[in-house]
Amino acid sequence: MSRFREEIKIIPNLAWVIGFLLYAGLFLFLAMFVLRQEPEPAGWPLVAKAALAIVVPLPLFMFVLLIGYVYADAKRRRMNHVLWTLLAIFIPNGLGIILYFILRDPAPTPCPNCGMMTGKGFAFCPSCGFALAPRCPSCGRGVEAKWTYCGYCGTSLPTT
Ligand SMILES: [Zn+2]
Ligand SMILES: [Zn+2]
């Protein structure tokens with residue numbers, strides 16, 4: 001849950017403002033015009049009308065927040081955030097947003113030594129030179145912790 005809250009925090013304030021304005025606008029539009037003039041809802045009890053006016057604009061609010069999230073998250077991950085924001089907005093039915101969550105790059109991780117954010121696939125920290133991934137002592141390529149021998153040059157790897 002705290003992870004979810006952390007993610008919510010990156011949504012830009014502008015997205016909250018736009019989302020809220022659109023929500024309020026649609027709510028008023030429903031309350032003032034549609035629910036009063038359409039023959040069906042006009043005969044409904046007030047509670048039903050109020051519930052409808054509150055619930056119907058919610059997906060729009062969520063949509064704007066998700067767009068804001070895609071923008072901030074893509075920027076954080078050093079992806080093309082402008083392109084992804086446009087895709088998220090213009091691919092219909094939220095498919096752009098779904099696509100983003102499938103295709104997004106892994107989140108940058110902080111260097112354990114100095115705390116600087118590192119990019120995906122970095123073997124060394126660009127700030128302090130700390131080795132971020134285990135390396136073969138012979139050929140210098142990245143190896144996995146469970147390997148006994150280097151997959152590239154066959155050197156026996158020290159077991160940790
Ligand atoms: Zn570092
Ligand atoms: Zn090697």
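The model shown is predicted, which means the values in this text are computed figures rather than measured ones.

*Asks:* Talk me through the overall build of the protein chain; I want residue IDs and the actual numbers.
*Replies:* Helix and strand counts for the protein chain come out as seven helices and two strands. Its helices and strands in sequence order give the protein chain the pattern α-α-α-α-α-α-α-β-β, from N to C terminus. Against the globule reference of 15 Å for 160 residues, the protein chain gives a C-alpha radius of gyration of 25 Å, more extended than a compact globule. Going through the 160 residues of the protein chain one by one, you find that 26% of them count as buried. Contacts spanning at least 24 positions in sequence make up 37% of the contacts within the protein chain whose residues lie at least 6 apart.

*Asks:* Help me get a handle on the nonpolar core, residues and values and all.
*Replies:* With eight residues, the main nonpolar core is built from Ile-67, Val-70, Ala-74, Met-79, Trp-84, Ala-88, Ile-97 and Tyr-100. At the level of secondary structure, the elements contributing two or more residues to this core comprise helix H5 (58–76), helix H6 (81–90) and helix H7 (95–103). The leading source of residues in this core is H5, at three residues. Counting six residues, the second largest nonpolar core, distinct from the first, contains Ile-11, Tyr-23, Leu-65 and Tyr-69.

*Asks:* Let's hear about the coordination of the zinc ion (ligand 2): which residues, and what values?
*Replies:* Taken together, the protein donors to the zinc ion (ligand 2) comprise Cys-136 (SG), Cys-139 (SG), Cys-150 (SG) and Cys-153 (SG), at separations of 2.3 Å. The site at the zinc ion (ligand 2) holds four donor atoms, and with the angles between them running 106 to 115 degrees, its shape is tetrahedral. Between consecutive donor residues of the zinc ion (ligand 2), the sequence gaps follow C-x2-C-x10-C-x2-C. Taken as a pair, Cys-136 in the segment after strand S2 (117–118) and Cys-150 in the segment after S2 lie far apart in primary sequence, 14 residues in all. For Cys-150, a relative accessible area of 4% translates into the label buried.

Reading guide: rules and limits
Residues numbered from 1 in each chain as written. Chains lettered and ligands numbered in written order. Predicted model: local features only at pLDDT ≥ 70, side-chain atom pairs only at ≥ 80, totals over all residues. Heavy atoms only, no water. Helix = DSSP H or I, 4+ residues; strand = E, 2+ residues; numbered from the N terminus. Rg over C-alpha atoms; globule rule 2.2 N^0.38 Å. Buried < 20%, exposed > 50% of the residue type's maximum accessible area, 1.4 Å probe, protein only. Contact = heavy atoms within 4.5 Å. Core = buried A, V, L, I, M, F, W, Y, C linked by side-chain atoms within 4.5 Å. Donors = N, O, S within 2.8 Å, 3.2 Å for Na, K, Ca; no water. Tetrahedral: all angles 85-135°; square planar, octahedral: opposite > 155°, others 65-115°.

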